[in-house]
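Below, each chain spelled out in residue letters.
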Amino acid sequence: MTHPDSTARRHRSPGSPGKAPVVPLAEQQECGAATVPEPGLYDCRMMGPAIAIWLAAGLAQTAGLTAACAAVAACAVAWSVAVTVLRAGLTARCRHRGMRGAWPHSPWHTALAILAAGAVAMLSASLMTLSATHDAVARIAADGGGSAVLDVSITAPLQASTRRGSVCMAQATVERMEAGGVREPSSARVRLLLGSDACVLRPGGRYRVSGDLAQPEYGREAAWMTVRGWLPIRAPTALRSGVTRLQDAFLSVTHGLSEQGRVLVPGLTLGVMGQNSAIDALAPDGSVDAVYAAGLTDGFRNAGIMHLMAVSGGHFVLLATIVTWLMRRIQAPRGLLALALAGAYAALCLVMVPSDSITRAASGGLIAAACLCAGRRGQAMSALCWTVCIAVIVRPGLALSYGFALSVLSVAGIVMLCSRCTRSLGRVMPRCVAEPLAVTLAAQAFSLPVQVMLGSGVPLLAPVANVMVAPLVGFGTICGLAALAVSIVMPPLGFAFAWMASCATALMASCALWLGGAGSVVRWPSGWGGAFAMAGAELAVALGIAMARRAMRLWRRRRDARDGSVNAMPGTAAMIGAADAMPGTVDAMPGAGVSRAGMARENLGQWWRETRDLLFPT
């Protein structure tokens, strides 16, 4: 183990044999001190390979291998130039401060890593594209469709159909296809459009279905099939069947709530909104009013809080907090804690409706659990980059998923900007308001270009809406998960938990309808042009803020230098001492010597305390 004083000796200024200068920890980390532990949040060494993998996989599926190779080469060159410039700047800065630090990695190593990662991603995407192109199901659908018999495995819970003529729909993976008397193997993903008699298919089961294949109207499936008949081949496993019964019991319990509860509680808990579930589509007393559900969904989207209806990192963070607290109460060792976290993440993935955001959150959680088991500190950015690399290589289709992109970019923004935004906002407002506002601003800073690509516009009141609903999300999620856990054995207790969750979602709905009305969204060009325009606008704002902060810093330095020169004048000390001895001088006045930001923070804090005492007297 390195002695604490060895770092100071190692970074001693040249030619100073005496006492080592005091070097702040942040400066030692910035200048590459080998014995200083890294904070982990800003470890961006894998960011270049992650970007290369994402670009290579996406372009290999859409534009071809030539464009993918060019993009990877450009990424390697640009990243190497950026690392070289940053390395030179940090080295000069460290030498100016009398430290012998330097950037620890060569730009050539980074370029080679980017090229290797891009090659692996292109190979994986090319193999997937080749397999999908020559698949029997995709070939028949591309030729105009036709009748076929498929052996399929249901991979996700049934949902309400979005197409007329069918009641439910299911996601399935084809194992074998028979058409025209010829049987061929297949691995295509298809969407099954089912009638009311076929809505009894269960996830995890294997079935033989017959019907008409057609090209998909949207989505990433190879084909859609309108099912005419079906036969069971193999029943789901006991575990999968139990999970299905657990989900059905919860959805049946929420069917007794109010309209907003039936829509929002399943979305907050499982990630599927109530009007989209098969239980609601088959309800004998009628499903949710479609007009009301559409208006509520539009309100959430316009208010910028639609992400609450998709299971992502919030569920995993909440579960990790509970598991960590319980394991520390029994003083469990580190390895057992990591195993418990991995098991909890796997169980959560099993009961949630599958989505790309869950894939990202589960992968990141498992990587964090592995680091914990190995005794390493949490590396948020590094774990996110490794998640992108592994997930996109294993499933190249994620490179074209908007849900995966929004999830990754939101987490990247929170990791890189949230702490800084919290410190800046905490100077002028209470911390309970600054933290959720900083999370919203940081997440939207990176994900907003992707949002405008979808044509949703720019939600102006999203920060305000997220701050207002932040205290309700945790309570509603905990009550929803409790209802999910107990509804299968004690429906009345499950209904009680679901009703408490609906109380939280009722306030969320009121906030969404209030802040998501007309005029809350600014129209913005969609597509790649709108995304680049938004990224340019955000970059211009960031540069403006940086220039303003630099100007304020220079102004303060000049002011301090001027004040210091005045205080150094002969007789100044006697004059100040005489002034201090006089009652009623300026220094005795309230607020003297306090900056404007400090005064504003103090005034806001006093207002907050007086308002709290008025509303909640003790």
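The structure this text deals with has already been given above.
A quick note: this is a predicted structure, and the numbers were derived from the prediction, not measured.

### Some points on the overall build of the protein
- Summing up its helical and strand segments, the protein has 21 helices and nine strands in all.
- Looking at the protein as a whole, 39% of its 618 residues are labelled buried.
- Summarising the internal contacts of the protein: among those between residues at least 6 apart in sequence, 72% fall at separations of at least 24.

### Side note on the side chain of T505
- Positionally, T505 belongs in helix α18 (residues 491-515).
- Residue T505 is classed as buried on the basis of its relative accessible area, which comes to 0%.
- Side-chain polar atoms of T505 contact the side chain of Q260, separated by 2.9 Å.
- Leaving out residues up to four positions away in the same chain, T505 has contacts with Q260, G261, L264, V265 and L268.

### Details of the state of the cysteines
- For the structure shown, the criterion picks out one disulfide.
- Free cysteine: C389, not disulfide-bonded; nearest cysteine sulfur from C385 at 6.7 Å.
- Here C389 falls in the buried class, since its relative accessible area comes to 5%.
- As a non-bridged cysteine, C479 has C503 as the owner of its nearest cysteine sulfur, 8.6 Å distant.
- Look at C479 and you get buried, because its relative accessible area is 6%.

### Here we look at the packing of helix α17 (residues 462-486) against α18
- Close contact between α17 and α18 brings their axes to 8 Å; oriented N to C, the two are set at 160 degrees. Considered as vectors, α17 and α18 are oriented roughly antiparallel to each other. Read as a crossing pair, α17 and α18 show a hand that is left-handed.
- Class assignment of the residues belonging to the contact of α17 with α18 gives a composition of 23 nonpolar, three polar and no charged.

### Details of the packing of aromatic side chains
- Scanning all chains against the criterion turns up five aromatic pairs.
- Summarising the aromatic geometry, the rings of Y207 and W230 are spaced 6.0 Å apart at their centres and angled 75 degrees between planes, so their arrangement reads as edge-to-face. One end of the pair, Y207, is in strand β6 (residues 206-214); the other, W230, is in strand β7 (residues 223-234), and 23 residues separate them in sequence.
- With relative accessibility at 28%, the residue W230 sits in the partly exposed group.
- Judged by centre distance (5.2 Å) and plane angle (90 degrees), the ring pair of Y218 and W224 falls under edge-to-face.

### Regarding the nonpolar core
- Core analysis: the largest hydrophobic core is formed by 31 residues, its most contacted members being F250, L270, F316, L341, V351, M352 and L484.
- Contributions of two or more residues to this core are made by α7 (238-254), α8 (259-270), α11 (313-329), α12 (334-351), α13 (356-374), α17 and α18.
- Looking at this core, the element that brings in the most residues is α12, giving six residues.
- When near neighbours in sequence (up to four residues on either side) are disregarded, V351 contacts V243, L246, Q247, L270 and L484.

### Topic: the pairing of strand β5 (residues 189-194)
- Counted residue by residue, β5 has five buried out of six residues, so it is predominantly covered.
- Where strand β3 (residues 168-179) lies against β5, six bridges are found, and the strand directions are antiparallel. Bridged to A172 within β5 is V190.

### What about the environment of S526?
- Take S526: it is sitting in the loop between β9 (521-522) and α19 (527-567).
- With residues near it in sequence (within four places) discarded, S526 still touches V452, M453 and G455.

### Focus on the environment of A73
- Counting through the fold element by element, A73 comes out in helix α4 (residues 65-96).
- Among the residues examined, A73 registers a relative accessible area of 35% and is labelled partly exposed.
- Residues A73 and A52 lie 21 residues apart in sequence; the distance between their C-alpha atoms is 8.8 Å.

### Examining the pattern of salt bridges
- Under the criterion given, the structure shown has 14 salt bridges.
- Of the charged contacts in the structure, one is a salt bridge between R183 and E178, with a shortest N-O distance of 3.9 Å.
- Put simply, R395 and D356 hold a salt bridge, and the shortest N to O gap is 3.6 Å. Of the two residues, R395 sits in the loop between α14 (380-394) and α15 (402-425) while D356 sits in helix α13, which places them 39 residues apart along the sequence.
- Judged by relative accessible area, which is 12%, D356 ranks as buried.
- The structure contains a network of salt bridges with shared partners spanning D151, E178, R183 and R208.

### A closer look at the environment of S382
- With respect to the helices and strands, S382 occurs in helix α14.
- Along the sequence, S382 and C44 sit 338 residues apart, while their C-alpha atoms lie 6.2 Å from each other.

### Some points on α14
- End to end, α14 covers 21 Å across 15 residues, agreeing with the expected 21 Å (1.5 Å per residue, within 8%).
- Inspection of α14 places M381, S382, A383, L384, C385, T387, V388, C389, A391 and V392 among the buried residues, and these make up the whole buried set.
- Each element contacted by the buried residues of α14 is listed here: α3 (47-62), α13 and α15.

### Structural notes on unusual backbone geometry
- Backbone geometry places Q331, a non-glycine residue, at a positive phi of 55 degrees.
- Secondary-structure assignment places Q331 in the loop between α11 and α12.

### Comments concerning a nonpolar patch on the surface
- On the surface, a nonpolar cluster with roughly 550 Å² of combined accessible area is contributed by L460, L461, V464, M468, W514 and V522.
- Within the secondary structure layout, L460 lies in the loop between β8 (458-459) and α17.

### What to know about the packing of α15 against helix α16 (residues 431-453)
- In the contact formed by α15 and α16, the axes pass within 7 Å of each other and the chain directions differ by 145 degrees. Relative to α16, α15 is oriented so that their crossing is right-handed.
- Across the contact of α15 with α16, the residue classes tally to 22 nonpolar, five polar and two charged.

### Thoughts on the pairing of β6
- Sheet analysis places strand β1 (residues 146-154) next to β6, joined by eight bridges and oriented antiparallel. Looking at the pairing, S153 lines up with R206 of β6.
- With nine bridges joining them, β6 and β7 adopt antiparallel strand pairing. Opposite D212, over in β7, you have T226 as the bridge partner.

Calculation rules
- Per-chain numbering applies: the sequence of each chain, read as written, is numbered from 1 onward.
- It should be noted that, the model being predicted, local features are given only for residues of pLDDT at least 70 and side-chain atom pairs only at 80 or more, the latter also being counted only at that level, while totals for whole chains, interfaces and linings use all residues.
- The side-chain numbers reported here are obtained from all heavy atoms of the structure, hydrogens and water having been left aside.
- Secondary structure counts use DSSP, requiring at least four H or I residues in a row for a helix and at least two E residues in a row for a strand, with both numbered from the N terminus.
- Each residue gets one of three labels from its accessible area relative to the maximum for its type: buried under 20%, exposed over 50%, partly exposed in between, using a 1.4 Å probe on protein chains only.
- When checking whether two residues touch, look at their non-hydrogen atoms; a contact exists if any pair is within 4.5 Å.
- Here a polar contact is recorded for every N or O atom pair within 3.5 Å, except that within protein the pair must consist of a potential hydrogen donor and a potential acceptor, and residues adjacent in sequence are included only if both atoms are side-chain atoms.
- Only a pair of cysteine sulfur atoms within 2.5 Å qualifies as a disulfide here.
- With axes taken as lines fitted to C-alpha atoms, and helix axes fitted only over the stretch in contact, angles between N-to-C directions fall between 0 and 180 degrees.
- The labels follow the angle: roughly parallel below 35 degrees, roughly antiparallel above 145, roughly perpendicular from 65 to 115, and oblique for the rest.
- Left-handed describes a crossing whose near helix is turned anticlockwise from the far helix by less than a right angle; the clockwise case is right-handed.
- When residues are sorted by character, Ala, Val, Leu, Ile, Met, Phe, Trp, Tyr, Cys and Pro go into the nonpolar class, Asp, Glu, Lys and Arg into the charged class, and all the rest, Gly among them, into the polar class.
- Ring pairs are drawn from Phe, Tyr and Trp, using the six-membered ring of Trp, whenever the two centres fall within 6.5 Å, and their geometry is named by plane angle: stacked under 30 degrees, edge-to-face over 60, tilted for the rest.
- What is meant by a nonpolar core is a set of buried Ala, Val, Leu, Ile, Met, Phe, Trp, Tyr and Cys residues, joined one to another through side-chain atoms within 4.5 Å.
- Strand pairing is assigned whenever DSSP identifies at least 2 bridges connecting the two strands.
- Any carboxyl oxygen of Asp or Glu that lies within 4 Å of a side-chain nitrogen of Lys or Arg is treated as forming a salt bridge with it.
- In this scheme, a helix's expected span is set at 1.5 Å multiplied by one less than its residue total.
- Patches here are clusters of residues that have more than 30% relative accessible area and form no salt bridge, with a 9 Å joining cutoff for like charges and a 5 Å cutoff for nonpolar side chains (Val, Leu, Ile, Met, Phe, Trp, Tyr).
- Reported accessibility uses the Shrake-Rupley method at a 1.4 Å probe radius. Residues are deemed covered only where the shown protein chains occlude them.

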